[in-house]
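# Coordinate inspection notes
Each chain is listed here by its residues.
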Amino acid sequence: MTYALLKFVHVLGAILIGGGLISVWLSDLRSRQLRELPQFSEAVRNIAVFYDGVVVPGAVLLLISGAWLIVGHFGGWDFLAVPWLAGMVFLFVFEFIEGNTVTRLYFLRLRRLTREAMKTGTFTRELERARAESVPAFTHFLDLPMLFLIVALGAIKPVTWTLFIVGSVVALSIATFLTLYIPRLYPWAAESK
């Protein structure tokens, strides 16, 4: 019964984190389209709501249930010999660290700069520069492809590292493409650099 319950909690965490990341992604895309400060502020607020209210609880559920499953049902450190499981753990840890440093700190700064801009009633130069930053955009665009790779590893359970390596290259390529392509959809945003 414990295994079934842990598996359920793990799947629930994956659903929450997936739904939250999709919502954050859509809110971020919407924010990139907007030139009106009140609507932009609402999109940035939605990013924070979905990230803090859905992604973070999903990540916590995944962390707790995943660690418990590994310790109780996959032999603890023996998981390192299982490519699909070790790959999932590595990618989760990478995304957890990246998401709570680069991406989260960027969105917190964006929210602070938006609040400051709302006081003046116009986009500030600092806010415009923050909107145009490439590194946070890249890490943000990497979140969903990495999550899809984590899910693929858990669903397919490959016995070699091929899916992990190929999937990582594909995820990095998608994030790079989106980082370069999305800003071109809104050329007015590039003017603020």
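One structure accompanies this document, and this report is about it. What you are looking at is a predicted structure, and each value in this text was computed from that prediction instead of being measured.

Of regular secondary structure, the protein possesses 7 helices and 0 strands. Start at the N end of the protein and walk to the C end: the helices and strands fall as α-α-α-α-α-α-α. By its C-alpha atoms, the protein is 55 × 30 × 20 Å across when sized along the principal axes. Expressed as a percentage of the 193 residues in the protein, the buried residues total 42%. Taking the contacts inside the protein whose residues are at least 6 apart along the sequence as the reference set, 80% of them involve residues at least 24 apart. By element, 71% of the accessible surface of the protein is carried by carbon and sulfur atoms, the whole surface being about 10600 Å².

Another point: empty space enclosed by the protein. Scanning all chains against the criterion turns up 1 cavity of 30 Å³ or more. Here the largest cavity is characterised by a volume of approximately 60 Å³. Lining the largest cavity are I47, A48, Y51, D52, R104, F107, L108 and R111. When residues of the lining of the largest cavity are traced back to their parent elements, those giving at least two are α2 (37-73) and α3 (83-120).

With that settled, consider the layout of surface pockets. One number sums up the size of the largest pocket: a volume of about 770 Å³. If you go around the largest pocket, you meet 28 residues; those closest to its centre are H10, G66, L69, L85 and M88. Only α1 (2-33), α2, α3 and α5 (134-156) provide two or more residues apiece to the lining of the largest pocket. Residue contributions to the lining of the largest pocket peak at 7 residues, all from α2.

What follows deals with the environment of Y51. With respect to the helices and strands, the residue Y51 is situated in helix α2. Judged by relative accessible area, Y51 falls into the buried class, the value being 8%. It is 9.4 Å that separates the C-alpha atoms of Y51 and F107, two residues lying 56 residues apart in sequence. Contacts of Y51, omitting those with residues within four sequence positions, involve V24, V56, G99, N100 and R104.

Cut-offs used in this document
- Residues numbered from 1 in each chain as written.
- Predicted model: local features only at pLDDT ≥ 70, side-chain atom pairs only at ≥ 80, totals over all residues.
- Heavy atoms only, no water.
- Helix = DSSP H or I, 4+ residues; strand = E, 2+ residues; numbered from the N terminus.
- Buried < 20%, exposed > 50% of the residue type's maximum accessible area, 1.4 Å probe, protein only.
- Contact = heavy atoms within 4.5 Å.
- Areas by Shrake-Rupley, 256 points an atom, 1.4 Å probe, with all protein chains shown as cover.
- 1 Å grid on protein atoms, 1.4 Å probe; cavity = no way out; pocket = protein on both sides within 12 Å on 5 of 7 lines; lining within 4 Å.
- Points joined across faces, edges and corners; volume = space filled by probe spheres on them.

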